[in-house]
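This is what each chain is made of:
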Amino acid sequence: MKKLIKIIATLSLTLSLMPTVEVFAMDSINENISLEEILSKEATPEEVNRVGQEIADEKNKTSSNARMSGEIWTLTSSKRLYSRRAIKGQYRTHVDSNTDETYSVTVSLDGSFKYMPTANTEISLTGGISATKSKTFKGPQKEYLSNGNLATHRLFIGLTFGEIYQYTYRVTDKYTGTYLRTVTSKNVVGAETFGLNQLMRLNSNGSIVVGNIDNNAVKTYSSLAAYKTAVQKYSYTCKNVIYF
């Protein structure tokens, strides 16, 4: 694997609760980052606290406009539920052989969405993150998949990774200080979005053969649509879809 030079690229953020998002581009066309390098980074204590405090600040800002009633949210604790992992993927395009084009891909995490950190677990997460990156890709030029098939296209996808934290808040009455309730919120922290690519062969029957990031193994999908579903809906299985 070639040495990766990370460059912070332009990004856009949406919604009012916006944890810091970093978008990385590769230093050369068609180059990928290893999964080990992506997963090796951890959010700093300052970053973890900032995300949790932003939630409390947003709630308190809304309450400050109320004259007769209101609540005060106080962050009391934070706990990492899951280490860095793929949160969501987004298919963008497949580039024809002997083609050189620039594309952009946006990966958006809704303000509230369902996520499966494991195959048997589903949780509700708060996101409010949208990252866009552009990259020039070259289609395959007489490149072969590891099974000996000639590649006909190169897939371009975006994939967002992050850690999952649970924050706990003590909610009190704005005017009397009376305890009202305890609230928990699960959030994505330290999100990073990467532009990745995979070699692909489109067969005459519509099925596709896709190479992994290192192009030393292949998987077959019944159609391009089936691959898109695997990337976009089941990103927790990225080791089976992209890194395998």
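Residues numbered from 1 in each chain as written. Predicted model: local features only at pLDDT ≥ 70, side-chain atom pairs only at ≥ 80, totals over all residues. Heavy atoms only, no water.

**Examining the nonpolar core**
Alright, step 1. Counting 24 residues, the largest nonpolar core has F161, L196, Y227, I242 and Y243 as the members making the most contacts within it.
Alright, step 2. Excluding anything up to four places from it in sequence, L196 contacts N32, I33, F137, L155, F156, I157, L159, I213, I242 and Y243.
Alright, step 3. Formed by 13 residues, the second largest nonpolar core is a distinct cluster that contains A43, I55, A56 and Y165. (Core = buried A, V, L, I, M, F, W, Y, C linked by side-chain atoms within 4.5 Å. Buried < 20%, exposed > 50% of the residue type's maximum accessible area, 1.4 Å probe, protein only. Contact = heavy atoms within 4.5 Å.)

**What about the packing of aromatic side chains?**
Alright, step 1. On inspection of all chains with the given rule, the structure shows four aromatic pairs.
Alright, step 2. On the basis of an interplanar angle of 50° and a centroid distance of 5.4 Å, the ring pair of W73 and Y169 is categorised as tilted. Placement of W73 in strand β3 (residues 71-96) and of Y169 in strand β8 (residues 153-173) is noted, with a sequence separation of 96 residues between them.
Alright, step 3. Here the aromatic rings of Y165 and Y167 are separated by 6.3 Å at their centres, their planes lie at 25°, and the arrangement is stacked.
Alright, step 4. Residue classification places Y165 among the buried residues on the basis of a relative accessible area of 11%.
Alright, step 5. The buried category is assigned to Y167, whose relative accessible area is 0%. (Phe/Tyr/Trp six-rings, centres within 6.5 Å; stacked < 30°, edge-to-face > 60°. Helix = DSSP H or I, 4+ residues; strand = E, 2+ residues; numbered from the N terminus.)

**Digging into the pattern of salt bridges**
Alright, step 1. Inspection of the entire model under this criterion finds eight salt bridges.
Alright, step 2. Residue K138 pairs with D100 through a salt bridge whose shortest N-O separation is 2.9 Å. Within this pair, whereas K138 is found in strand β7 (residues 129-138), its partner D100 is found in strand β4 (residues 100-109), the two being separated by 38 residues in sequence.
Alright, step 3. With relative accessibility at 30%, the residue K138 sits in the partly exposed group.
Alright, step 4. On the basis of relative accessible area, D100 is assigned to the partly exposed category, the value being 42%.
Alright, step 5. A salt bridge links E143 to R154, with the nearest nitrogen and oxygen atoms 2.9 Å apart. Of this pair, E143 sits in the loop between β7 and β8 while R154 sits in strand β8; the two residues are 11 residues apart in sequence, bridging distant segments of the chain.
Alright, step 6. Here E143 falls in the partly exposed class, since its relative accessible area comes to 27%.
Alright, step 7. Judged by its relative accessible area of 5%, R154 is buried.
Alright, step 8. A single network of salt bridges, built from pairs that share partners, joins K41, E42, R80, R84, E163 and E192. (Salt bridge = Lys/Arg side-chain N within 4 Å of Asp/Glu carboxyl O.)

These figures come from the coordinates and say nothing about function on their own.
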